[in-house]
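Listed below are the residues making up each chain.
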Amino acid sequence: MNSQVLSLLNGQLAAWETARNNYHALADVQTRELSVNGLLYRMQYNPARIVSSGAKVDRASIARRPCFLCASHRPAEQMGLSLLEDYELLVNPYPIFPQHFTIVEKEHVPQRIAPRFADMLELAHRLSDYTLFYNGPCCGASAPDHAHFQAGTRGFLPIESTWRQCIGKEMARTAGATLYSLNDAPRTTFVIEATQADSACRIFRAVYEALPLPVGEEEPRMNILALYKESRWEIFIFPRAKHRPTCYDAKGANCLLSSPASVDLGGVFILPREEDFRKISANDVTQILSEVCLPLTALKQNNP
Ligand SMILES: [Zn+2]
């Protein structure tokens, strides 16, 4: 499967000018590193991502626009690869990763994780050169009305190599899976390490049920990363308090256009504006994370 995915990407880069230009620009992308409480975060200046960071995701705006993940509204050049019957893998034309894909449900159905978590594990298993990610409908998904995952080059996100240094508490253990919380404040992270998918699903369900459900929303707010290596899954769950930090809407010099989603929580902050890329400090990252991450104290009493 990994080789089919790579040949789709190469074919699309040859035939699709928008994708080719954006991948070409990514090769020269500027980055800076910041240490936040001893953990590495990388800042990426990526102007093409304004499509996502600047996206209006309120219900009225979403209802008005044609859905860009539906086959009937996609760019004519965009080709797909069928996966697990219900999904199609597409090249993401606005990349963050050297290889970046969107994996969309074939039907136009809302973004929900509960019925698809097992699919996410299966996709991570089949696409083992990549890290899968899920952005909840109020946590960075720019198409909250059309179910989708994304996949990016594995090993790109700092958390993949740093999480073991910050294992906090072992919160649950079964024959096929273990749940940890990480000591990585101001981020809040749960990790499921699993050799069996059904055990991982049961532990995920317990975490899901321990998270608060905001009024008027359909699922607890979260971002998720999942990857498969050495015969086991590593799954990172970031419970969220809110979508965008205060600085996103601040006026003038106080504005910092950061719209955090899975990739940012995994340690790569995407900044579509050059002035933000230049000025952002470790203190800013701390402030943003402390606003958008759900503190552990907000979990319901039946901790996972
Ligand atoms: Zn759609």
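Quick look at the structure, then. As the structure is a prediction and not an experimental result, all values here were calculated from the model.

1. A few points about the overall build of the protein chain
- In terms of helices and strands, the protein chain carries 11 helices and 13 strands.
- Taken over the C-alpha trace, the protein chain has a radius of gyration of 18 Å; the compact-globule value for 304 residues is 19 Å, and the two agree within 12%.
- With respect to the principal axes defined by its C-alpha atoms, the protein chain has extents near 50 × 50 × 35 Å.
- Within the protein chain, the proportion of its 304 residues that are buried is 42%.

2. A look at unusual backbone geometry
- The linkage connecting Ala 185 with the following residue, Pro 186, adopts the cis geometry, with an omega of 5°.
- If you trace the backbone, Pro 186 turns up in the loop between β9 (177-182) and β10 (190-194).
- Phi at Glu 230 takes a positive value of approximately 50°, unusual for a residue other than glycine.
- Turning to its location among the elements, Glu 230 is positioned in the loop between β11 (222-229) and β12 (232-239).

3. A short note on the sheet that holds strand β1 (residues 30-36)
- Read across the open sheet, the 3 strands follow the order β1-β2-β13; overall the sheet is mixed. Looking at which strands have only one partner, the edges of the open sheet turn out to be β1 and β13 (268-271). Taken over all neighbouring pairs, the strand axes of this sheet differ in orientation by 25° on average, direction set aside.
- One ladder, built from 7 bridges, connects β1 with strand β2 (residues 39-45); its direction is antiparallel. In the strand pairing of β2, Arg 32 is matched with Met 43.
- Sheet strands in contact with helix α11 (residues 282-292) are β1, β2 and β13, and its direction is about 75° off that of β1.

Calculation rules
Residues numbered from 1 in each chain as written. Predicted model: local features only at pLDDT ≥ 70, side-chain atom pairs only at ≥ 80, totals over all residues. Helix = DSSP H or I, 4+ residues; strand = E, 2+ residues; numbered from the N terminus. Rg over C-alpha atoms; globule rule 2.2 N^0.38 Å. Buried ≥ 20, exposed ≤ 12 C-beta atoms within 10 Å, placed from the backbone. Pairing = 2+ DSSP bridges. Axes fitted to C-alpha atoms, helices over the stretch in contact; angles between N-to-C directions. Contact = placed C-beta atoms within 7 Å.

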